[in-house]
Amino acid sequence: MNILKALLKQLLGAKYERVVKSLAACLILYLAVHTAGVNMKIATFILYLTSTALTASIMWQALCSSGNADRMAGLFVLPFTNREMTFSFVLAFAGYTLLTITFPVLALFFAVHEWSVLHIAVALLCACNGCFMTAAWYTMTKKRKLMPFVVLWCVGMLLAIFFVQEVMVFALIVLASLFLSFLRLLTADAYVFYRPASAKPLTRRTKGTGSVLLYLLRYLITNKNYLLNTVGLCVVGGILPMILGQFEGLNVMPLGFAILCLNTPICILLSCDRSLEQAVRVLPRQAGHFCTRYSFFLFCVNMAVSSVYLVAWQIQRGGVGGMEIMAAVLIALQSAVLSVLLEWFQPIRNWKIESDLWRHPRKYVVPLIMLPVAGLIGMWPAGIWFLLCIVLAEVISLPFITRRI
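Residues numbered from 1 in each chain as written. Predicted model: local features only at pLDDT ≥ 70, side-chain atom pairs only at ≥ 80, totals over all residues. Heavy atoms only, no water.

## Overview of the overall build of the chain
The condition is simple: Note on conventions: DSSP H or I runs of at least 4 residues are helices, E runs of at least 2 residues are strands, and numbering of each starts at the N terminus. Only heavy atoms matter for contacts: two residues are in contact if any of them lie within 4.5 Å across the pair. For the accessible areas, the method is Shrake-Rupley and the probe is 1.4 Å, while residue cover comes only from the protein chains on display.
Within the chain, the secondary structure is distributed over 18 helices and zero strands. Put simply, 84% of the contacts in the chain that link residues at least 6 apart link residues at least 24 apart. Accessible surface, the chain: about 20,300 Å² in total, of which carbon and sulfur atoms supply 71%.

In structure tokens:
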């Protein structure tokens, strides 16, 4: 219990204040939506799939958090039993995941549709299964010979969610999955969850013009979740032409460029790596160099995603010309500069794990600024030249603005 309390205090606050805030948010969200009279038809399997997949993905992010190195360093110095440490770690992160993410989403689902008590209970059971199943998978991915079993387990759960119609039969399958997770965690080595500090991405400063870009590229490659988010945006870029193309008579293509700049993980590199931020801010003449190259790095990533969108639009709708390519370049560059300025002047503090950063409301600031800009370009094509002047002025003045800190 002492280990569990120590972990919960780190994740949920010294006095568990995040528990109260999360439950209050769930209650307010439920009452607001339910009172508004919003009613939607939702299939049962969608409820179960959301409860399982969302919880599992957030739990996985929590277990892979680089902050666990500092969090676990002191705990492993103390005497402990293997099972005590394993279940304390899993229960702490499961509580964090359920309270901060799963319960608010389920509150929204329960508010917009009338569910039976049995469906609500099974949905909560799916959420708990998502936590423990993911923890069991995490211990098994360290051994390649167990990977086929992980794949079969995942496929089996998906098939059960989609094809098992009887609620009680599905509940028994979820309970069986929970039991398997429990058995796996009983035999798991607690050190599987320990990530030593040396496993963190290097933040050593190197000399040379390309060192910052090299560091950022290595950081992106090292953190597979960041790459996965970028790949997901590329998939969205391929789907957006089918959605936006339905608006006949309106030039809505630039809106896609604004939507695709919502690449949160790569826009919070200073917030998530405190040692890098300290080095950049302390060392002389590093602010301008770093921010300029960081902007160029974000521009390249944004432009890569926008290129997928351009190609998909040309294949599906046609009509991509020089003005559209220019709009893509300018919106990608403007989004990069604004993201860097926001990260430099207003870094996110007091976060517990990386998923807190990714869900922070600040991530919507740049896309919300770019949406009206993209809409203006769509309605008034000559506005692209006005945006060009603004972007060039920002790029030229960026090194001088950041040095005045």
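From this point, the discussion proceeds with the structure in view.
## Section: the packing of helix α5 (residues 82–112) against helix α8 (residues 167–187)
Under the convention used in this document: The axes used here are C-alpha line fits, helices contributing only the stretch in contact, and every angle between their N-to-C directions lies in the interval 0 to 180 degrees. If an angle is under 35 degrees, it is roughly parallel; if it is over 145, roughly antiparallel; if it lies from 65 to 115, roughly perpendicular; otherwise it is oblique. Side-chain classes follow a simple rule in which Ala, Val, Leu, Ile, Met, Phe, Trp, Tyr, Cys and Pro form the nonpolar group, Asp, Glu, Lys and Arg form the charged group, and the remainder, Gly included, forms the polar group.
At a minimum axis distance of 8 Å, the contact between α5 and α8 shows a crossing angle of 135°. In terms of orientation, α5 and α8 fall into the oblique class. In this structure, α5 uses Arg83, Thr86, Phe87 and Val90 to contact α8, whose residues at the interface are Phe182, Leu185 and Leu186. Across the contact of α5 with α8, the residue classes break down as five nonpolar, one polar and one charged.

## Re the environment of Gly156
Where we set the bar: For each residue, the accessible area found with a 1.4 Å probe, counting protein chains only, is set against the maximum for its type, and the residue is called buried under 20%, exposed over 50%, and partly exposed in between.
Tracing the backbone shows Gly156 in helix α7 (residues 147–163). Given the relative accessible area of 35%, Gly156 is considered partly exposed. Sequence separation of Gly156 and Ile173 is 17 residues, and the distance between their C-alpha atoms is 9.5 Å.

## Overview of a nonpolar patch on the surface
The condition that has to hold: Residues enter patches when their relative accessible area tops 30% and they take part in no salt bridge; the joining distance is 9 Å for like charges and 5 Å for the nonpolar side chains Val, Leu, Ile, Met, Phe, Trp and Tyr. In what follows, salt bridge is the name for a side-chain nitrogen of Lys or Arg lying within 4 Å of a carboxyl oxygen of Asp or Glu.
Together, Phe45, Ile46, Val151, Val155, Leu158, Leu159, Phe162 and Phe163 make up an exposed nonpolar region whose accessible area comes to about 690 Å². At the level of elements, α3 (44–63) and α7 are the ones that each hand at least two residues to the nonpolar patch. Mapped onto the secondary structure, Leu158 falls in helix α7.

## Brief notes about α5
Note the threshold: In a helix, the anticipated span is given by 1.5 Å times the number of residues less one. Across the chain, bend at a residue is computed as the angle between axes fitted to the seven residues ending at that point and the seven starting from it.
Taking 1.5 Å per residue, 31 residues should reach 45 Å; α5 reaches 43 Å between its end C-alpha atoms and fits that length. The sharpest bend along α5 measures roughly 40° and falls at Leu98. Burial of α5 is extensive: 24 of the 31 residues sit out of reach of the surface.

## Quick word on the packing of aromatic side chains
The condition is simple: Only rings of Phe, Tyr and Trp enter the pairing, Trp through its six-membered ring, and a pair is recorded when the two centres are within 6.5 Å. The plane angle decides the type: under 30 degrees is stacked, over 60 is edge-to-face, the rest tilted.
Scanning the entire structure with this criterion turns up 11 aromatic pairs. Ring centres 5.4 Å apart and planes at 50° place the aromatic pair Phe87 and Phe182 in the tilted group. One end of the pair, Phe87, is in helix α5; the other, Phe182, is in helix α8, and 95 residues separate them in sequence. The exposure class assigned to Phe87 is buried, which follows from its relative accessible area of 14%.

## So, the nonpolar core
Stated precisely, the cut-off is as follows: As used in this record, nonpolar core signifies buried Ala, Val, Leu, Ile, Met, Phe, Trp, Tyr and Cys residues forming a set joined through side-chain atoms within 4.5 Å.
Tyr226, Phe257, Cys272, Phe290, Tyr294, Leu298 and Tyr309 are the most contacted members of the largest nonpolar core, which has 60 residues in total. Among the nonpolar cores identified, the runner-up in size contains 32 residues, and Leu7, Leu12, Met85 and Ile353 belong to it.

## Quick word on the packing of α3 against helix α6 (residues 117–140)
Threshold: Left-handed is the label given to a crossing in which the near helix is rotated counterclockwise from the far helix by less than a right angle, and right-handed is the label when the rotation is clockwise.
Viewed as axis vectors pointing N to C, α3 and α6 meet at an angle of 30°, and their least axial separation amounts to 8 Å. You can see that α3 and α6 cross each other, and the crossing is right-handed. On α6, the residues that touch Thr44, Leu47, Tyr48, Ser51, Thr52, Thr55, Ala56, Met59, Trp60 and Leu63 of α3 are His119, Val122, Ala123, Cys126, Ala127, Gly130, Cys131, Met133, Thr134, Ala135, Trp137 and Tyr138. Classifying every residue of the contact of α3 with α6 by side-chain character gives 15 nonpolar, seven polar and no charged.

## Quick notes on the pattern of salt bridges
In the structure shown here, the tally under the stated rule is one salt bridge. With a shortest N-O distance of 2.6 Å, Arg362 and Glu343 are connected by a salt bridge. A residue pair is termed long-range when its members are at least 10 positions apart, and Arg362 in the loop between α16 (354–358) and α17 (365–379) and Glu343 in helix α15 (residues 322–345) qualify at 19 residues. Under the relative-accessibility criterion, Glu343 is labelled buried at 0%.

## A look at the environment of Tyr30
Its location among the elements puts Tyr30 in helix α2 (residues 17–35). Taking relative accessible area as the criterion, Tyr30 reaches 29% and is therefore assigned partly exposed. Once you skip the residues sitting within four places of it in the chain, Tyr30 turns out to touch Ala107, Phe110 and Ala111.

## Remarks on the environment of Gly383
You can see Gly383 is positioned in helix α18 (residues 383–403). A residue is classified by how much of its surface remains accessible, and Gly383, at 4% relative accessible area, is buried. Linking Gly383 and Val373, residues 10 residues apart in sequence, is a C-alpha distance of 8.8 Å.

## Observations regarding the side chain of Thr97
Among the secondary structure elements, Thr97 is positioned in helix α5. Residue classification places Thr97 among the buried residues on the basis of a relative accessible area of 0%. In this view, Thr97 contacts Thr55, Ile58, Met59, Thr102 and Cys131; residues no more than four positions away in its chain are not counted.

## Description of helix α13 (residues 274–282)
Selection rule: Taken from the helix axis, the directions to the C-beta atoms give the arc we talk about.
Every buried residue belonging to α13 is among Leu276, Glu277 and Val280, and all of these are buried. The buried residues of α13 occupy one face: seen down the axis, they fall within an arc of 100°. Residues Gln278 and Val282 are exposed on α13 and point more than 90 degrees away from its buried face.

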